[in-house]
Amino acid sequence: MKIEVNGDTHTLAATTVAEALTELGWGNARVATALNGDFLPAAARATTPLTDGDRLEVLAPMQGG
Amino acid sequence: MTGHPRAFYGVTLDSPLMLGTAQYPSPAVLQAAFQASGASVATVSLRREGGQGQAFWQMIRALGVHVLPNTAGCHSAREAITTARMARELFETDWIKLEVIGHADTLQPDPFGLLEAAQVLAAEGFAVFPYTTEDQVLAQRLVDAGCQVLMPWGAPIGSGLGLNNRYGLKTLRAAFPDIPMVIDAGLGLPSHAAQAMEMGFDAVLLNTAVAQAGDPAAMARAFALAAQAGQIAHGADPMDPRDMAAPSTPVLGKAWL
């Protein structure tokens, strides 16, 4: 299915958010996720299904003021 | 240090200096600035994963300071709330520097969005540090919402103008004597930090003035010393200014020449 990850369209075999992160190479990365604009806790990623057209945001620690 | 410093959600800081982590020429310079200043808090952010996040986080952890994530760049309560929730999980802290920006040029807080987000986040157990103005009505609403800290701006973010509205800040400080307050944003020189602390504020938060200085580590140390000096001066109960001169050398006993 096609989903939008951090603004870019990806075609993924994954059916859950956890699988998508693994497929994208972020399986073990320290990241926070939001699905379609809502925070998705790490504990819920494995049981949260993806559907075509979903918007996934994957955020990491960054410099800030 | 004199007096009894107000605690930030139960945490008493070793230094009244809070430093941002952005805009430094290199990670090594950032580290040097923290080491030279003894800053007690580092503000951080979260952005789309681009491969640098993990190394940055390791470096921040190694600094051994309190971490204060921000919601910088958020222009709505919804954005800020979602960002705060993500930050809590990512940085493993309830602390959140809540920014809801209302104006692109001044980066002035949106008071309505800020209050809306603060109400939601405080109810969820966040320790909210709201980036606000000197507006007393808004301050009261934020306190009523559950904010136990206020962070009024000195001047627009990154401007380096110092304390733009000393009267407003002075009255805000006086109106909420029990609330810890941080002057956040707009400080350009160590003297600005000293002025803020002399007025009774509890800490200063800055980034650009240090990160963009020619020698960030030296400037960070200068800010730390200035903030500490101002803190001590406030505890020492400064004299009231007066319009007319008053001789400091005794007049009594002066020779009649």
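Nothing here was measured: the structure is a model prediction, and the numbers come from that model.

Student: For this particular structure, what's the right way to read the overall build of chain A?
Tutor: Each helix and strand counted, chain A has one helix and five strands in total. Along chain A, helices and strands appear, N-terminal first, in the series β-β-α-β-β-β. Against the compact-globule benchmark of 11 Å for 65 residues, chain A has a radius of gyration of 11 Å, which places it among compact chains. Over its C-alpha atoms, taken along the principal directions, chain A stretches across nearly 35 × 25 × 20 Å. Taking as baseline every contact in chain A between residues at least 6 positions apart, the subset at least 24 positions apart corresponds to 50%. As displayed, chain A has an accessible area near 3000 Å², and 50% of this comes from carbon and sulfur atoms.

Student: Is there a simple way to think about the environment of A229(B) in this case?
Tutor: Relative to the assigned elements, A229(B) resides in helix 9 (residues 216-235). Through-space distance from the C-alpha of A229(B) to that of G158(B) is 23 Å; in sequence the pair is 71 residues apart.

Student: Where do I start with the sheet that holds strand 6 (residues 151-152) of chain B in this structure?
Tutor: The strand order across the open sheet built from three strands is 4-5-6 (chain B), with neighbouring strands paired in parallel fashion. The outermost strands of the open sheet, each flanked by one partner alone, are strand 4 (95-98) and strand 6 of chain B.

Student: What is the right way to read the nonpolar core from this model?
Tutor: It is characteristic of soluble globular proteins that their nonpolar side chains tend to be buried jointly. Within the largest apolar cluster, 81 residues are counted, with the highest numbers of intra-cluster contacts made by F8(B), L19(B), F34(B), W95(B), L98(B), V204(B) and L206(B). For this core, the leading source of residues is helix 3 (residues 77-91) of chain B, giving eight residues.

Student: I keep staring at the packing of helix 1 (residues 27-37) of chain B against helix 9 of chain B and nothing clicks. Help me out?
Tutor: The geometry of a pair of packed helices is captured by two quantities: the angle between their axes and the separation between those axes. Residue and element names in this part refer to chain B. Contact geometry of helix 1 with helix 9 gives a least axis separation of 8 Å together with a crossing angle of 30 degrees. What the angle tells us is that helix 1 and helix 9 run roughly parallel. Crossing handedness for the pair helix 1 and helix 9: right-handed. In this structure, helix 1 uses V29, A32, A33, A36 and S37 to contact helix 9, whose residues at the interface are P216, A217, A220, R221 and A224. Broken down by class, the residue content of the contact of helix 1 with helix 9 amounts to eight nonpolar, one polar and one charged.

Student: Which parts of the structure should I look at to understand helix 4 (residues 111-123) of chain B?
Tutor: Helical geometry: 3.6 residues make up each α-helical turn, so side chains three or four residues apart lie on a common side. Residue and element names in this part refer to chain B. For helix 4, built from 13 residues, the straight-helix expectation of 18 Å at 1.5 Å per residue is met to within 8% by its first-to-last C-alpha distance of 18 Å. By the burial criterion, the buried members of helix 4 are G113, L114, L115, A117, A118, L121 and A122. Against the buried residues of helix 4 lie helix 3, strand 4, strand 5 (127-132) and helix 5 (136-145). Regarding helix 4, its N-cap is D110, as a side-chain oxygen of that residue lies 3.0 Å from the backbone nitrogen of F112 further along. Trailing helix 4 by a residue or two, G125 shows a phi angle of about 90 degrees, which is positive.

Student: What should I look at first to understand the environment of E57(A) in this one?
Tutor: In this structure, E57(A) sits in strand 5 (residues 55-63). Classification of E57(A) as buried rests on a relative accessible area of 19%. It is 5.8 Å that separates the C-alpha atoms of E57(A) and V5(A), two residues lying 52 residues apart in sequence. Residues contacting E57(A), with those up to four places away along its chain left out, are N6(A), A32(A), T33(A), A34(A), R48(B) and M86(B). In terms of polar contacts, E57(A) uses its side chain to reach the side chain of R48(B), at 2.8 Å.

Student: How should the interface of chain A and chain B be read in this particular structure?
Tutor: For interface size, the figure often reported is the accessible area lost on association. Between chain A and chain B, the residue contacts involve 25 residues of the former and 26 residues of the latter. Roughly 2300 Å² of surface becomes buried between chain A and chain B when both sides are summed, with 57% attributable to carbon and sulfur atoms. Sorting the residues of chain A by area buried against chain B places R30(A), M62(A) and G65(A) first, and these three jointly supply 30% of that buried surface. If you look at where chain A meets chain B, you find 18 residue pairs in polar contact (both at pLDDT 80 or more). Listed by contribution, the elements that provide at least two residues to the side of chain A that touches chain B are strand 3 (32-35), strand 4 (38-40) and strand 5 of chain A. With seven residues, strand 5 of chain A is the single largest residue contributor to the side of chain A that touches chain B. Here the side of chain A that touches chain B is composed, by residue class, of 13 nonpolar, eight polar and four charged. Sheet topology note: the strand 5 of chain A/strand 2 (residues 41-48) of chain B ladder contains five bridges and is antiparallel. Looking at strand 2 of chain B, one finds that L59(A) is bridged to R48(B).

Student: Please explain the pairing of strand 5 of chain B as it appears in this structure.
Tutor: When a strand is regular, its side chains alternate between the sheet's two faces. All names here are of chain B. Most of strand 5 sits inside the fold, with six of its six residues counted as buried. Neither face of strand 5 is open: one carries A127, F129 and Y131, the other V128, P130 and T132, and all of them are buried. Across four bridges, the pairing between strand 4 and strand 5 is parallel. Among the inter-strand pairings, K97 is bridged to a residue of strand 5, identified as F129. Once you follow strand 4 into helix 4 and on to strand 5, the crossover reads as right-handed. The handedness of the strand 5 to strand 6 crossover, carried by helix 5, is right-handed.

Conventions used here
- Residues numbered from 1 in each chain as written.
- Chains lettered and ligands numbered in written order.
- Predicted model: local features only at pLDDT ≥ 70, side-chain atom pairs only at ≥ 80, totals over all residues.
- Heavy atoms only, no water.
- Helix = DSSP H or I, 4+ residues; strand = E, 2+ residues; numbered from the N terminus.
- Rg over C-alpha atoms; globule rule 2.2 N^0.38 Å.
- Contact = heavy atoms within 4.5 Å.
- Areas by Shrake-Rupley, 256 points an atom, 1.4 Å probe, with all protein chains shown as cover.
- Pairing = 2+ DSSP bridges.
- Core = buried A, V, L, I, M, F, W, Y, C linked by side-chain atoms within 4.5 Å.
- Buried < 20%, exposed > 50% of the residue type's maximum accessible area, 1.4 Å probe, protein only.
- Axes fitted to C-alpha atoms, helices over the stretch in contact; angles between N-to-C directions.
- Parallel < 35°, antiparallel > 145°, perpendicular 65-115°, else oblique.
- Left-handed = near helix turned anticlockwise from the far one by under 90°.
- Nonpolar A, V, L, I, M, F, W, Y, C, P; charged D, E, K, R; others polar.
- Expected span 1.5 Å × (residues − 1).
- Polar contact = N/O pair within 3.5 Å; in protein donor to acceptor, adjacent residues only side chain to side chain.
- Buried area = accessible area lost by both parts, 1.4 Å probe.
- Right-handed = clockwise from strand over helix to strand, strands pointing away.

Note that all results are geometric; they support no functional claim without further evidence.
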